[in-house]
Amino acid sequence: MADRLPTGISVLDRQLDGGIPPGSILLLSADPASQSESLLYEIAAARGTLYVTTVRSEEAIRDAIERYRGGVGRLTIRDAGDYPPIDNATRLVRELPESSNLLIDVVDPLEEADSTRYRAFLNELQTHMVNTGSIAVLHAMHGDPPANRRLTEHMADVVFDLQTDTSGSQIVNRLAVPKFRGGSALEETIKLKLTDGVTIDTSRDIA
């Protein structure tokens, strides 16, 4: 569809009729001990991206991205600073140019803010995404969720939920898209290989 922005992950874009509508907030939820950052780096490579880090340093993010398939162009990395980082994150959102990506990795520290402040942040984020025709990606960790996680899930236009199963002899990554506001959520999960890039895992499950 002409009104979609590709994620840069071709296996997903085909499933999502071309990608994500501009102006959307995308929530990517995953285990901390997973390869979910591969999805972030592929999205960052699709267009100019502002990468806001709330936990790791700018240097750590840059080193990791440069080691990932030769790096990502058109990328600006900013540290949201000491806790609570929501004020710096709000300022950085306002600086995002037209038709860009905003990646917040991870959103959990922002979700620890007062619910009124966090709701105001999400609404300002949504407005700026719509005005600039951009996409915001909020990377969230599975586990003990912050108090405002349900608010994040409600405000998000699209939800990607990456489940990583390490119980068997192989590590299995399955991506679910249970929410797609204004479009069609996926009825089935997608089995992914998160090794050198992001591809569909075509190996068969053996009961």
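On a predicted model such as this, the values are computed, not experimentally measured, just so you know. (Residues numbered from 1 in each chain as written. Predicted model: local features only at pLDDT ≥ 70, side-chain atom pairs only at ≥ 80, totals over all residues. Heavy atoms only, no water.)

Enquirer: Go over the nonpolar core with me, naming the residues and quoting the values.
Expert: In this structure, Leu12, Leu16, Leu39, Tyr51, Val137, Phe160 and Leu192 are the most contacted members of the largest nonpolar core, which totals 36 residues. Broken down by element, the residue count for this core peaks at 5 residues, all from helix α2 (residues 36-44). Discounting chain neighbours no more than four positions away, the residues touching Tyr51 are Leu40, Tyr41, Arg56, Ile61, Ile65, Leu75, Thr76, Ile77, Arg78, Leu103 and Asp105. Leu27, Phe121, Leu138 and Ala140 belong to the second largest nonpolar core, which has 26 residues in total. (Core = buried A, V, L, I, M, F, W, Y, C linked by side-chain atoms within 4.5 Å. Buried < 20%, exposed > 50% of the residue type's maximum accessible area, 1.4 Å probe, protein only. Helix = DSSP H or I, 4+ residues; strand = E, 2+ residues; numbered from the N terminus. Contact = heavy atoms within 4.5 Å.)

Enquirer: Outline the confidence of the model for the chain, supporting the account with residue identities and numerical values.
Expert: Here the chain shows a mean pLDDT of 90. Residues at 70 or above account for 95%. Mean pLDDT values for the elements of the chain range from 78 in strand β9 (residues 197-200) up to 98 in strand β1 (residues 25-30). (pLDDT = per-residue confidence, 0-100.)

Enquirer: Account for the pairing of strand β4 (residues 101-105), with residues named and values stated.
Expert: Taking burial as the measure, the 5 residues of β4 include 5 buried ones, the bulk of the element. Residues Asn101, Leu103 and Asp105 of β4 are buried on one face, and the alternating residues Leu102 and Ile104, pointing to the opposite face, are buried as well. Sheet topology places β4 next to strand β5 (residues 135-141); 5 bridges connect them, and they run parallel. Of the residues in β5, the one forming a bridge with Asp105 is His139. (Pairing = 2+ DSSP bridges.)

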